[in-house]
Amino acid sequence: MFFVAAACCAVIDVLLVRATRAAGAEAARPDAAAVTTIGPVVVAPGPSDDAGPPALPMIVLGSTDDGRTIGAEGSGPTHIAVVGTGVLAVAVFRAVAAQARAAAAASGTSIRVASAPELRTLVASQDERCPPMPAGTAAVVCDVGARDPTTVVLVAGPGQVPRTWDLVVEVTRYGCSVRRRDETTGVPVSPVLPELDP
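A. View of the pairing of strand β3 (residues 69-73). Here β3 lies mainly inside the structure; four of its five residues are buried. The pairing of strand β2 (residues 58-63) with β3 spans five bridges and is classified as antiparallel. When the sheet's bridge partners are listed, S63 is paired in β3 with T69. Hairpin connection of β2 to β3: five residues between the antiparallel strands, including G67 at a positive phi of 90°.

Shown next, in the form of structure tokens:
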């Protein structure tokens, strides 16, 4: 199990390095920004609030019992890990990854994917390159930022979460929660799920 977790983390780290290598020369310029910001958790107003919709595009992760939307800022680099196994974890990953891909497509940035063979259809089209990963894992890397791309990964357990992460969506038999790196416990949410085609 340790070797599977290590292999999974290694593959995800390699994907991140390759996604940012091409932008290395750009980041080395003297006028390049020295500080990289991360996409924070955004709590959108609930239906009863007077405020309008959020100004920044979001990658929606779920909603709280009182109707607030929990998400990550879609315009900046964010690293999201969906942790869990089974149909619900795969569905949550699919919904979050689809939003990340849509944001990348809207901004004209490139996308890289990798997955376990059984999850290939979740992240890649038939003609898209998709390097293999260990069972139950998948990754979508969107080169939104020059030095720090947005990533969405699916892993089976907490021990497989990549070293670089901002948000964890934990999917268990007891429900789902969203947790930031600086938090010890997550916020319970109703998870975002794929929309069915009409």
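More follows now that the structure is in view.
B. Representation of the nonpolar core within the structure. Among the nonpolar cores identified, the biggest contains 31 residues, and L61, I80, F93, V96, V123 and V169 are the most heavily contacted of them. Elements that contribute at least two residues to this core include exactly β2, β3, β4 (79-83), α3 (87-107), β6 (138-142), β7 (150-155), β8 (167-172) and β9 (175-180). A total of eight residues in this core trace back to one element, the largest contributor, which is α3. Discounting chain neighbours no more than four positions away, the residues touching L61 are I70, G71, I80, V96, L167, V169, V178, V189, P191 and V192. Counting residues in hydrophobic clusters, the runner-up holds 10 residues, among them V83, A139, V155 and V168.

C. Representation of the pattern of salt bridges in the model. One pass over the structure, following the stated rule, counts five salt bridges. Linking R68 and D66 is a salt bridge whose minimum nitrogen-to-oxygen distance equals 3.3 Å. Exposure remark for R68: the relative accessible area of 31% places this residue in the partly exposed category. A salt bridge links D182 to R180, with the nearest nitrogen and oxygen atoms 3.6 Å apart. Overall, D182 belongs to the exposed group, its relative accessible area being 61%. The exposure class of R180 is partly exposed, given its relative accessible area of 32%. Connected through salt bridges with shared partners, the residues R180, D182 and E183 form a single ionic network.

Calculation rules
- Residues numbered from 1 in each chain as written.
- Predicted model: local features only at pLDDT ≥ 70, side-chain atom pairs only at ≥ 80, totals over all residues.
- Heavy atoms only, no water.
- Buried < 20%, exposed > 50% of the residue type's maximum accessible area, 1.4 Å probe, protein only.
- Helix = DSSP H or I, 4+ residues; strand = E, 2+ residues; numbered from the N terminus.
- Pairing = 2+ DSSP bridges.
- Core = buried A, V, L, I, M, F, W, Y, C linked by side-chain atoms within 4.5 Å.
- Contact = heavy atoms within 4.5 Å.
- Salt bridge = Lys/Arg side-chain N within 4 Å of Asp/Glu carboxyl O.

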